[in-house]
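Each chain, letter by letter, is given below.
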Amino acid sequence: MLLKIEGLTKIFGGITAAKDICCQVNEGNIFALIGPNGAGKTTIFNLITGMLKPDGGTIAIDGKELIGLKPYQIAAAGITRTFQNLQLFGDMTVLENVITGAYLKGKTGFIKSMLPLPGKSREDLRIKEEARALLKDIGLEKAAGIPAATLPFGQQRLLEIARAMASGPRLLLLDEPAAGLNSMETKELAGYLMQLRSQGLTMLLIEHDVETVMEVADRIMVLNFGCAICEGTPAEIQRDPAVIKAYLGEDGNVA
Ligand SMILES: Nc1ncnc2c1ncn2[C@@H]1O[C@H](COP(=O)(O)OP(=O)(O)O)[C@@H](O)[C@H]1O
Ligand SMILES: [Mg+2]
């Protein structure tokens, strides 16, 4: 088991955004969080990455407690995320975008990398090679030199994930990566996530597209008003009465 969450709770004013959340994520799994808008999915990501402090509970990676650590310390522990809204550097090239991800873990450091210091060139070369390999995985090696903003939206999404991969994460958190993608782009994204899993990467996935979630996730947690109403394999989720009630309404019709 890579990630263990117990009793995680977050209250904003009168709203309980996460209530007593518990889950365990095995290494090399895709674990999905689904549920309607406002269910508390992004809040859980913000708690894991240290952007929010919980009101209760524990989060451990490899048995190491994360609560109380600063976001940069959590990143250093190998936890990387992408955001619900794209956060690429549009004017920078496709390759440069991936390279910025690598400097999150590099010995060189981002500022130092801007300066003409001796001893950084070999590291730079290695990072560039790794970045090109990541672009190859998403079929963008030919686009390496063009500004990221000129890519079609679906490719920008893949690029954002490739950039996150450049930091060499152990756990990758993806917040609605298929938002705004057409069905072909969504299939391509799903293929990339499964490829990353086959390389041993562990992922937490927030996704509205239920078909994609059912296809790629090993386990799914369904959230509603901050509570986990069900957790299990895609097949278990699909036949859970509480999920059917929350998604389909009492009478079984789509709400
Ligand atoms: N920083 C915040 N301050 C106050 N309320 C917040 C904050 N972040 C989220 N919330 C509230 O917590 C609830 C869960 O939000 P969120 O985690 O973003 O849901 P989801 O990602 O499932 O759509 C919502 O009611 C939202 O308005
Ligand atoms: Mg959200």
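The model shown is predicted, which means the values in this text are computed figures rather than measured ones.

Caption draft 1: How the structure looks around the overall build of the protein chain. Regarding its fold elements, the protein chain presents 10 helices and 10 strands. Within the span of the protein chain, comprising 255 residues, buried residues form 48% of the whole. Sequence separation of 24 or more characterises 66% of the internal contacts of the protein chain that already satisfy a separation of 6 or more. Working note: accessible area of the protein chain is about 12,700 Å², and carbon and sulfur atoms make up 55% of it.

Caption draft 2: Broad picture of the site of ligand 1. Surrounding ligand 1, one finds Phe12, Ile15, Ala17, Pro36, Asn37, Gly38, Ala39, Gly40, Lys41, Thr42 and Thr43. Separating an oxygen atom of ligand 1 from a backbone N or O atom of Ala39 is a distance of 3.2 Å. With respect to ligand 1, the side chain of Lys41 contributes an N or O atom lying 2.8 Å from an oxygen atom. Across the complex, the protein chains shield 62% of the 560 Å² of accessible surface that ligand 1 would expose by itself. Only strand S2 (15–25) and helix H1 (41–48) provide two or more residues apiece to the shell around ligand 1. The leading source of residues in the shell around ligand 1 is H1, at 3 residues. Here the shell around ligand 1 is composed, by residue class, of 5 nonpolar, 5 polar and 1 charged.

Caption draft 3: View of the pairing of strand S8 (residues 202–206). Taking burial as the measure, the 5 residues of S8 include 5 buried ones, the bulk of the element. Across the two faces of S8 the burial is the same, with Thr202, Leu204 and Ile206 and Met203 and Leu205 all buried. Between the parallel pair strand S7 (residues 171–175) and S8, the chain is carried across by helix H7 (residues 183–198), and the sense of this crossover is right-handed.

About the criteria used
Residues numbered from 1 in each chain as written. Chains lettered and ligands numbered in written order. Predicted model: local features only at pLDDT ≥ 70, side-chain atom pairs only at ≥ 80, totals over all residues. Heavy atoms only, no water. Helix = DSSP H or I, 4+ residues; strand = E, 2+ residues; numbered from the N terminus. Buried < 20%, exposed > 50% of the residue type's maximum accessible area, 1.4 Å probe, protein only. Contact = heavy atoms within 4.5 Å. Areas by Shrake-Rupley, 256 points an atom, 1.4 Å probe, with all protein chains shown as cover. Near = heavy atom within 4 Å. Polar contact = N/O pair within 3.5 Å; in protein donor to acceptor, adjacent residues only side chain to side chain. Nonpolar A, V, L, I, M, F, W, Y, C, P; charged D, E, K, R; others polar. Right-handed = clockwise from strand over helix to strand, strands pointing away.

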